[in-house]
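Summary of structural features
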Amino acid sequence: MLYDQHVDRVYRLAFRLAGEDELARDFTQETFIRAFQRLKDFRSESSFGTWIHTIATSVSLNGLRKVKKFRTRETSLDDALTVGAVTRRAEPDLKERLKQAIDNLPEGYRTVFVMHDVEGYTHEEIGAALGVQPGTSKAQLFRARAKLREALADFAGEWVS
Amino acid sequence: MSDEDRMDALLRQLAAEEYNRPPEIVPREQMWEAILQGSGKREAGSGGTPGTGNREPGTVLPFRQRIPRWVYYAVAAALLLALGVQIGRLLGPSPAQQLAPRTTQPDSLGPTRVSPESVSVGAPRRDLVSDDGSKGPPKPKGSGPERLGPDAGEEISARAYTVATGQHLIEAEAMLTAFKGDLSQGRMDAEISAWGKDLLSNTRLLLDSPAARDPVRRRLLQDLELVLVQIVQLSPKSSARDRDLIRGALTDDQVLTRLRTAIPVKGT
């Protein structure tokens, strides 16, 4: 069934983008509700998976924008960089800084990075979901990686070695 | 592999393992239950259910979803029809025009030939009374909308009788003029008597026809019938008194004058 075939991947993407189970559930449910409501409008020009991930991406990003309006960030990326520059911590700190660095990426960069490098979507799938060309997705991924390297530069020697 | 590539690979690996890592077990059933309880129950049910069945019994759909779609179409069609009728009423003839009786004004009885003399000598402007009894000058022909309604046949029939009556009155006027000439000369033409018989029978037919519905025309035909009866009964042996009675009928009742007035003008 359509729900069973796609719910896991949709939920995983929503969770990766939202970072919370509750938000991920809400986004997944909203995605399928919208998909079923518009099922008659679905054209088989693209696969159902591509179509529903387009909805999922839109629902998740729009939902996150609303959520961010009501939340204040505890730590900015600059603060994280300052802390990281002062002291070198163990791996748990690296994980936290990586998370902050990814969270502070511009929305487009972060989305492409999460979809491609974290969840394994192809650039074609990302382009279809975001409504951009695959080349645009590649360019945004390149810039996202560059920003992450820059943000975590002080760990570069340690990781590469 | 450059350092950047190695760092990218490590970041990718670390992000995949640690960044917002979703739980191993996806809460499918809970989310499906929530989807069913959401506003998209109907569509979700038609899209296939993951073993939890379709819509839960007893669940209440929103009001908008409980109304079948055909109800919207029916209401829209009814509104469209009502709008069309209203537009038709606005653009069509006014109710006054619809209710107004169709003019059966005989052309032969038109006022065009009413002379001041006839009005002054006692024909109390009955010539100006139209078929429907309303006074005043008759409406000009063709002023109203030409419509072919269910009464179109009746209107055509009335016009045919009007034409026939006009022809009959022309003939009667000619006969009475000839008879009046003979009367003044004290002689009686047998042909005029036979002519009078034909006119008398036609007059009676017209009196029994829709042509006599018009009171003015009916009175004229009745007077004409009376004169014709007297003429037909007149014989060479008749006395001078009988001739004076006929002359008096022609004069007092203004039969000949009214005939000439009622005769349609050529070309109208």
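Just so you know, these numbers come straight off a predicted model, no measurement behind them.

1. Concerning the overall build of chain B
Of the regular secondary structure elements, chain B holds twelve helices and zero strands. The helix and strand sequence of chain B, counted from the amino end, reads α-α-α-α-α-α-α-α-α-α-α-α. Partitioning the contacts of chain B with sequence separation of at least 6, the portion at a separation of at least 24 is 66%. When the accessible surface of chain B is totalled, it reaches about 16,500 Å², and 56% of it is carbon and sulfur.

2. Looking at the confidence of the model for chain A
Residue and element names in this part refer to chain A. Chain-level pLDDT for chain A is 84 on average; 83% of the residues reach the 70-or-more range. Per-element averaging of pLDDT across chain A places helix H4 (residues 77-86) at the bottom with 48 and helix H6 (residues 107-118) at the top with 95. Counted against residues more than four places away or in other chains, residues 81-90, with its pLDDT under 50, gives seven contacts.

3. Examining the packing of aromatic side chains
In the structure shown here, the tally under the stated rule is eight aromatic pairs over all chains. On the numbers, 4.7 Å between centres and 55 degrees between planes, the contact of A:Tyr3 with B:Trp32 is tilted. With A:Tyr3 in helix H1 (residues 2-18) and B:Trp32 in helix H2 (residues 28-37), the pair connects residues from two separate chains. Arranged with centres 5.7 Å apart and planes meeting at 85 degrees, the rings of A:Phe42 and A:Phe48 form a pair that is edge-to-face. On the basis of relative accessible area, A:Phe42 is assigned to the partly exposed category, the value being 23%. A relative accessible area of 11% means that A:Phe48 is categorised as buried. An aromatic cluster of three or more residues is present, and its members are A:Tyr3, A:Phe32, A:Phe36 and B:Trp32.

4. Digging into the environment of B:Arg204
Residues and elements named next belong to chain B. Checked against the element boundaries, Arg-204 lands in helix H9 (residues 190-207). Expressed as a C-alpha distance, the spacing of Arg-204 and Leu-224, which sit 20 residues apart in the sequence, is 9.8 Å. Dropping the residues within four chain positions of it, Arg-204 is found in contact with Glu-225 and Val-229. At a separation of 3.0 Å, a polar atom in the side chain of Arg-204 contacts the side chain of Glu-225.

5. Thoughts on the interface of chain A and chain B
Across the contact, 41 residues belong to chain A and 35 residues belong to chain B. Approximately 3,600 Å² of surface area, both sides summed, lies buried where chain A meets chain B, with 68% of it carried by carbon and sulfur atoms. Where chain A touches chain B, the interface holds five salt bridges. One salt bridge connects B:Glu4 with A:Arg149, and the closest N-O pair in it is separated by 3.6 Å. Breaking the side of chain A that touches chain B down by element, the ones donating at least two residues are H1, helix H2 (21-37), helix H5 (91-103), H6, helix H8 (134-151) and helix H9 (156-160) of chain A. If you tally residues by element for the side of chain A that touches chain B, the top one is H1(A), at eleven residues. Here the side of chain A that touches chain B is composed, by residue class, of 23 nonpolar, four polar and 14 charged.

6. Topic: the pattern of salt bridges
Applying the stated rule across the entire model yields 19 salt bridges over all chains. Close ionic contact of B:Arg12 with A:Asp117 constitutes a salt bridge, the shortest N to O distance being 3.5 Å. Taken together, the positions of B:Arg12 in helix H1 (residues 3-18) and A:Asp117 in helix H6 put the pair across two chains. You can call A:Asp117 buried: its relative accessible area is 5%. When salt bridges with common partners are traced through the structure, they connect A:Arg12, A:Arg16 and A:Glu119 into a single cluster.

7. A word on helix H7 (residues 123-130) of chain A
Residues and elements named next belong to chain A. His-123, Ile-126, Gly-127 and Ala-129 are the residues of H7 that are buried. The buried side chains of H7 occupy one side of the element, clustering within an arc of 165 degrees when seen end-on. The secondary structure elements touched by the buried residues of H7 are helix H3 (48-69), H6 and H8. Among the residues trailing H7, Gly-131 stands out with phi positive, at a value near 75 degrees.

8. Notes on helix H11 (residues 240-252) of chain B
Residue and element names in this part refer to chain B. In a regular helix each residue adds 1.5 Å, so 13 residues correspond to 18 Å; H11 covers 18 Å between its end C-alpha atoms and thus fits that length. The elements touched by buried residues of H11 are helix H8 (152-185), helix H10 (215-233) and helix H12 (255-262). Backbone geometry just downstream of H11 places Gln-254 in the positive-phi region, at approximately 55 degrees.

9. Re the nonpolar core
Residues A:Tyr3, A:Phe32, A:Ile102 and A:Phe113 are the most contacted members of the largest nonpolar core, which totals 54 residues. Residue contributions to this core peak at nine residues, all from H1(A). Excluding residues that lie within four positions of it along the chain, A:Phe113 makes contacts with A:Ile102, A:Val118, A:Leu141, A:Ala144, A:Arg145, A:Leu148 and B:Ala15. Membership of the second largest hydrophobic core comes to 30 residues, among which are B:Leu199, B:Leu228, B:Val232 and B:Leu250.

10. Description of the environment of B:Glu225
For B:Glu225, the location among the structural elements is in helix H10. Taking the C-alpha atoms as reference points, B:Glu225 and B:Leu200, 25 residues apart in sequence, are found 6.0 Å from one another.

Criteria and cut-off values
Residues numbered from 1 in each chain as written. Chains lettered and ligands numbered in written order. Predicted model: local features only at pLDDT ≥ 70, side-chain atom pairs only at ≥ 80, totals over all residues. Heavy atoms only, no water. Helix = DSSP H or I, 4+ residues; strand = E, 2+ residues; numbered from the N terminus. Contact = heavy atoms within 4.5 Å. Areas by Shrake-Rupley, 256 points an atom, 1.4 Å probe, with all protein chains shown as cover. pLDDT = per-residue confidence, 0-100. Phe/Tyr/Trp six-rings, centres within 6.5 Å; stacked < 30°, edge-to-face > 60°. Buried < 20%, exposed > 50% of the residue type's maximum accessible area, 1.4 Å probe, protein only. Polar contact = N/O pair within 3.5 Å; in protein donor to acceptor, adjacent residues only side chain to side chain. Buried area = accessible area lost by both parts, 1.4 Å probe. Salt bridge = Lys/Arg side-chain N within 4 Å of Asp/Glu carboxyl O. Nonpolar A, V, L, I, M, F, W, Y, C, P; charged D, E, K, R; others polar. Arc of directions from axis to C-beta. Expected span 1.5 Å × (residues − 1). Core = buried A, V, L, I, M, F, W, Y, C linked by side-chain atoms within 4.5 Å.

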